[in-house]
Amino acid sequence: MSTIALLTDFGLQDHYAGVLKAVILRINPKVKLVDLCHQIPPQDILQGALTLKSAYRYFPKKTIFLAVVDPGVGSKRNAIILKTKDHVFVAPDNGILSPLATEGGPKQFFQIINERYFLHPVSNTFHGRDVFAPVAAFLSKGIPPAKFGPELKRISSVNIPKPRWDKKSKTLLGSIIHMDRFGNLTTNIEEKDLADYKRGCVIRIKDKLIKGLRHAYTDAENGQVLAIINSSGYLEIAVSQGSASQLLNVKKGETVSIIS
Amino acid sequence: MSTIALLTDFGLQDHYAGVLKAVILRINPKVKLVDLCHQIPPQDILQGALTLKSAYRYFPKKTIFLAVVDPGVGSKRNAIILKTKDHVFVAPDNGILSPLATEGGPKQFFQIINERYFLHPVSNTFHGRDVFAPVAAFLSKGIPPAKFGPELKRISSVNIPKPRWDKKSKTLLGSIIHMDRFGNLTTNIEEKDLADYKRGCVIRIKDKLIKGLRHAYTDAENGQVLAIINSSGYLEIAVSQGSASQLLNVKKGETVSIIS
Amino acid sequence: MSTIALLTDFGLQDHYAGVLKAVILRINPKVKLVDLCHQIPPQDILQGALTLKSAYRYFPKKTIFLAVVDPGVGSKRNAIILKTKDHVFVAPDNGILSPLATEGGPKQFFQIINERYFLHPVSNTFHGRDVFAPVAAFLSKGIPPAKFGPELKRISSVNIPKPRWDKKSKTLLGSIIHMDRFGNLTTNIEEKDLADYKRGCVIRIKDKLIKGLRHAYTDAENGQVLAIINSSGYLEIAVSQGSASQLLNVKKGETVSIIS
């Protein structure tokens, strides 16, 4: 049984996410639908890209991902398919797939232009329903990616902020790229960036200094700010049994520096 | 494989939506469950009716819709089944199905009174669990609608606000009937209502004048207010890459007029 | 077809809930996944326990419940399996399963220690993904609970507040233990606790006195505060067509007393 995983910024308060599933089931009633996430902040391509990147490797092989964060809907932006060794991704070509394009292994990109696989009439505001969902459904029925349009050499990129080394202050400067439901703050600093510091590092966020990494949230006392390598391999600022976002009054974009 | 689509105002923070699915699967483990929407505002029958109307046609034929927005639960209001050529709907008789009753094609209404298909004891506060879910599940197993109770001549109606022509000001007066997650504002003015104006029309919302319709959100500059025909065929007020609801500080019910 | 029901405090805005499902489907592509609830307030073990208790009995026999509210993730707390006659539960041993452990019927507890069934490397912050989801998936494939680790004599308990009789004031003192999406307030007072009062009782919440129980929300006028036995058998304070939580400005923990 093939699986389609859905990631969108449609939220759950409207008919949008439900209609995506309806369209897919009408074309392939046997497919397994899995909601990966529909709560990407509206039009936040970077957040969609990061969420997809954190999740896709855990899905079964041959899973088809429908990734619709699409502020350019109705414009001339391309619709694309990305085929890797293990998975297939369907999305607008706005960078949401770019983190996957830099991961290892052979891959192919295709433009989606074959209107035979669209829902007609195609609206100008809901290509999730009229283009991406039916294409994902036909892919799940075994239609090969090349049937949807010509192969592309490259796709658009989204700019993922990277930590940078500040020579003068001898500090690694990173930033908060995600805040989760628990108020945990994910930075763009990876475990490998900390290889030279490791347990001895000192981390600064706003006026707060955090000494060293913990192994578990419970290694700190309740209410205490701590740093930890999270389940995606990134440095995370958290509060034991609490919300770092609330306690530190921090949002996405805030600077996090490794000062020694 | 038969499909049951669920639309409720239960939200996702309680056990209610999960229990609906549990009850259905216990009666018919093979059915396919699809969440259409559980975030209808509490007791908002009109919003439930409009969401169902926007979505149902995209589902596979023979889909059974479980539509539970039920402020009258435990009272004498009827529970009903609506059978159309392509679909079956199960709901309280409070108007939530009325927009479907005026769509074309033959249809039949049935009252649900056969307690043999209920979960016992029947509570007075959760007929979703005790009446509607089991009835939908038994329908999905092939029990014909007539087994649940007698045929009805008519069902209750919900009042969907219609735009009206104001002779004196020569203005078509409509209103905002839905605000989606993106802050897009759906009016009750349909594409056909604009046939005489079309691209030359001027739209007023509060003090804002919008000239003409756009083909895509991206046809306007970022942050600019625009008017567009949305994916359900209604006039929509939007902001390119932003939220019209926030920018205009507008809520449901606000007047939208076509002034020329 | 076996069913896995998911209850977590992961919310729906991150990749966490989606990844649980991914991990399960990779191990057992044929399993049926049902979201019971992902919106348990962060780290609120009691709320998770109460939600599970309200819902589990409606699921098909042999359903496996994955219950992950896990503030102690990465610490020395046990991971456990609870097997009852009809169901299997997988959870951290922090009390979330304790209300089920006191329900009737034979039951067995097992510690989860067999790393063969884990996802490797096991992170310190996401045992939902690395321990509980794969264990649930392997259980759904028929691996017997005893394969995951040794039997346990007892499991941890969560303290569910109970109503108490105040001799001096001759009052039964209860409290609000849940507030649902509608603003309905569930107390910890059960129908049987009211056996001596029944329709003649007077209920106090803050300065408000409520006389007797209603049979249905609509038995009171719109906007009026009422008391009712809810669908889980508990005394509930509600407002007809409105929100008791808003009208009374009440939160969880508020005292509710039966004064005669």
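Refer to the structure printed above.
Numbering of residues begins from 1 in every chain and follows the order in which that chain's sequence is written. Here every chain gets a letter starting at A, and every ligand a number starting at 1, in the order they are written. Totals for whole chains, interfaces and linings use all residues, but because this is a predicted model, local features are given only for residues with pLDDT of at least 70 and pairs of side-chain atoms are given and counted only at 80 or more. Side-chain descriptors were evaluated using all non-hydrogen atoms of the structure, hydrogens and water having been removed beforehand.

Visitor: Outline the relation of the copies chain B and chain A, listing residues and values.
Guide: In the superposition of chain B on chain A (RMSD 0.0 Å, axial shift 0.0 Å), the rotation amounts to 120°. Taken together, these values place the two copies in the relation of a three-fold axis. A share of only 10% of the interface residues of chain B reappears at the interface of chain A, consistent with the copies meeting through non-equivalent patches. Superposing the copies works by least squares over the C-alpha atoms of residues that have pLDDT at least 70 in both of them. Contacts were defined at the residue level, with two residues in contact if any of their heavy atoms lie within 4.5 Å.

Visitor: Run through the sheet that holds strand β4 (residues 79–84) of chain A, naming residues and quoting values.
Guide: Strand pairing requires that DSSP identify at least two bridges connecting the strands. Helix numbering and strand numbering both begin at the N terminus, where a helix is a DSSP run of H or I of at least 4 residues and a strand a DSSP run of E of at least 2. Pairing in this open sheet of seven strands is mixed, and the strands run β2-β1-β3-β5-β4-β6-β7 (chain A) from one edge to the other. Pairing within the sheet leaves two strands with one partner each, and these edge strands are β2 (32–37) and β7 (151–152) of chain A. Inspection of the sheet shows strand β6 (residues 107–111) of chain A paired to β7(A) by two bridges, in the antiparallel sense. Paired with A:Phe110 across the bridge in β7(A) is A:Glu151. On top of the sheet, helix α4 (residues 127–140) of chain A reaches β1 (3–8), β3 (64–68), β4 and β5 (88–92) of chain A; it is set at about 170° to β3(A), its chief contact. Sheet strands touched by helix α1 (residues 16–27) of chain C: β1 and β2 of chain A. Its angle to β2(A), the strand with the most contacts, is close to 145°. Between N-to-C directions, angles span 0 to 180 degrees; the directions come from axes that are lines fitted to C-alpha atoms, helices contributing only their stretch in contact.

Visitor: Break down the interface of chain A and chain C for me, with residues and values.
Guide: Taken residue by residue, the interface counts 31 residues in chain A and 36 residues in chain C. We define a salt bridge as a contact between a side-chain nitrogen of Lys or Arg and a carboxyl oxygen of Asp or Glu at a distance within 4 Å. Seen at the junction of chain A and chain C, the total is zero salt bridges. Polar contact is the term for a pair of N or O atoms within 3.5 Å; when the atoms are in protein, one must be able to donate a hydrogen and the other to accept it, and sequence-neighboring residues count only if both atoms are side-chain atoms. Linking chain A with chain C are 15 residue pairs in polar contact (both at pLDDT 80 or more), by the criterion used here. Counting residues per element, the ones that place at least two in the side of chain A that touches chain C are β2, α2 (45–55), β9 (171–179) and β13 (225–229) of chain A. The element that contributes the greatest number of residues to the side of chain A that touches chain C is β2(A), accounting for five residues. Class assignment for the residues of the side of chain A that touches chain C results in 14 nonpolar, twelve polar and five charged. Amino acids outside the nonpolar list (Ala, Val, Leu, Ile, Met, Phe, Trp, Tyr, Cys, Pro) and the charged list (Asp, Glu, Lys, Arg) are all regarded as polar, and Gly is one of them.

Visitor: Run through the relation of the copies chain A and chain C, naming residues and quoting values.
Guide: Two chain copies, one operation linking them: a rotation about an axis together with a shift along it. Superposition record for chain A on chain C: RMSD 0.0 Å, screw rotation 120°, translation along axis 0.0 Å. Looking at chain A, a mere 10% of its interface residues are interface residues in chain C too, so the copies touch through different faces.

Visitor: Describe the interface of chain B and chain A, naming the residues involved and giving the relevant values.
Guide: Contacts between chain B and chain A engage 31 residues on the former and 36 residues on the latter. Accessible surface is computed with a 1.4 Å probe, and the buried area is the amount of it that two parts give up when combined, taken over both parts together. Summing both partners gives a buried area of about 2800 Å² for chain B against chain A, and 56% of it is carried by carbon and sulfur. Seen at the junction of chain B and chain A, the total is zero salt bridges. Scanning the region where chain B abuts chain A turns up 15 residue pairs in polar contact (both at pLDDT 80 or more). Those elements that place two or more of their residues in the side of chain B that touches chain A are β2 (32–37), α2 (45–55), β9 (171–179) and β13 (225–229) of chain B. Sorting elements by how many residues they give to the side of chain B that touches chain A places β2(B) first, with five residues.

Visitor: Provide a residue-level description of the packing of aromatic side chains, including the pertinent values.
Guide: In this analysis, rings of Phe, Tyr and Trp, with Trp reduced to its six-membered ring, are considered paired at centre separations within 6.5 Å, and the interplanar angle assigns stacked below 30 degrees, edge-to-face beyond 60, and tilted for intermediate values. Per the stated rule, a full pass over the model turns up 27 aromatic pairs over all chains. When the ring of C:Tyr56 is compared with that of C:Phe89, the centres are 5.8 Å apart and the planes differ by 75°; the resulting orientation is edge-to-face. Remark: C:Phe89 occurs in strand β5 (residues 88–92) and C:Tyr56 occurs in the loop between α2 (45–55) and β3 (64–68); sequence separation between them is 33 residues. Each of the two residues, C:Tyr56 as well as C:Phe89, counts as buried. Members of the aromatic cluster, joined through ring pairs, are A:Phe10, A:Tyr16, A:Phe126 and B:Phe182. Relative accessible area decides the class of each residue, using a 1.4 Å probe on protein chains only: under 20% of the type maximum gives buried, over 50% gives exposed, and in between gives partly exposed.

Visitor: For the packing of helix α1 (residues 16–27) of chain A against α4(A), give the residues involved together with the corresponding values.
Guide: Residues and elements named next belong to chain A. Close contact between α1 and α4 brings their axes to 8 Å; oriented N to C, the two are set at 40°. One finds that α1 runs oblique with respect to α4. Crossing of α1 over α4 shows right-handed handedness. Contacts between α1 and α4 involve Val19, Leu20, Val23, Ile24 and Ile27 from the former and Gly128, Arg129, Ala133, Pro134, Ala137 and Phe138 from the latter. Taken together, the residues of the contact of α1 with α4 sort by class into nine nonpolar, one polar and one charged. Any angle from 65 to 115 degrees is called roughly perpendicular, while one under 35 is roughly parallel, one over 145 is roughly antiparallel, and all others are oblique. By definition, any crossing whose near helix is turned counterclockwise from its far helix by less than a right angle is left-handed, and any crossing with a clockwise turn is right-handed.

Visitor: Run through the sheet that holds strand β5 (residues 88–92) of chain B, naming residues and quoting values.
Guide: The seven strands are arranged β2-β1-β3-β5-β4-β6-β7 (chain B) in an open sheet whose pairing can be described as mixed. Two strands close off the open sheet at either side, each with one partner strand: β2 and β7 (151–152) of chain B. Contacting β1 (3–8) and β2 of chain B, α1(A) crosses the sheet at an angle of about 145° to β2(B). Of the strands in this sheet, β1, β3 (64–68), β4 (79–84) and β5 of chain B touch helix α4 (residues 127–140) of chain B, which is tilted by about 170° from β3(B).

Visitor: Please provide a residue-by-residue account of the environment of B:Lys170, values included.
Guide: All names here are of chain B. Note that Lys170 resides in the loop between β8 (164–166) and β9. Accessibility expressed as a relative area gives 58% for Lys170, which makes it exposed. Taking the C-alpha atoms as reference points, Lys170 and Ser54, separated by 116 residues in sequence, lie 30 Å from one another. With residues up to four places along the chain from it excluded, the contact list for Lys170 reads Trp165, Ile258 and Ile259.

Visitor: Got a sec to walk through the pairing of β6(A)? Specific residues and values, please.
Guide: Where β4(A) meets β6(A), five bridges bridge the pair, whose relative direction is antiparallel. Note that in β6(A) the partner of A:Lys83 across the bridge is A:Gln108.

Visitor: Please set out the side chain of A:Asn188 residue by residue, giving values where relevant.
Guide: Residues and elements named next belong to chain A. Inspection of the secondary structure assignment puts Asn188 in strand β10 (residues 185–190). At a separation of 3.0 Å, a polar atom in the side chain of Asn188 contacts the main-chain carbonyl oxygen of Pro161. A polar contact of 2.8 Å, which involves the side chain of Asn188, links it to the backbone nitrogen of Ser175. Those residues in contact with Asn188, other than ones at most four positions away along the chain, are Pro161, Lys162, Pro163, Gly174, Ser175, Ile177, Asp193 and Tyr234.

Visitor: Outline unusual backbone geometry, listing residues and values.
Guide: Between A:His120 and A:Pro121 the backbone carries a cis peptide bond, its omega angle lying at -5°. Within the fold, A:Pro121 resides in the loop between β6 and α4. Even without a glycine there, the phi angle at B:Lys62 is positive, about 75°. Looking at the element boundaries, B:Lys62 is found in the loop between α2 and β3.

Visitor: I'd like a description of the pattern of salt bridges, backed by residues and values.
Guide: A complete count under the given rule lists 29 salt bridges over all chains for this structure. Here A:Arg57 makes a salt bridge to A:Glu103, at a shortest N to O gap of 3.5 Å. Of this pair, A:Arg57 sits in the loop between α2 and β3 while A:Glu103 sits in the loop between α3 (98–101) and β6, and the two are 46 residues apart along the sequence. Among the salt bridges present, the one from B:Lys252 reaches B:Asp44, with a minimum N-O distance of 2.9 Å.

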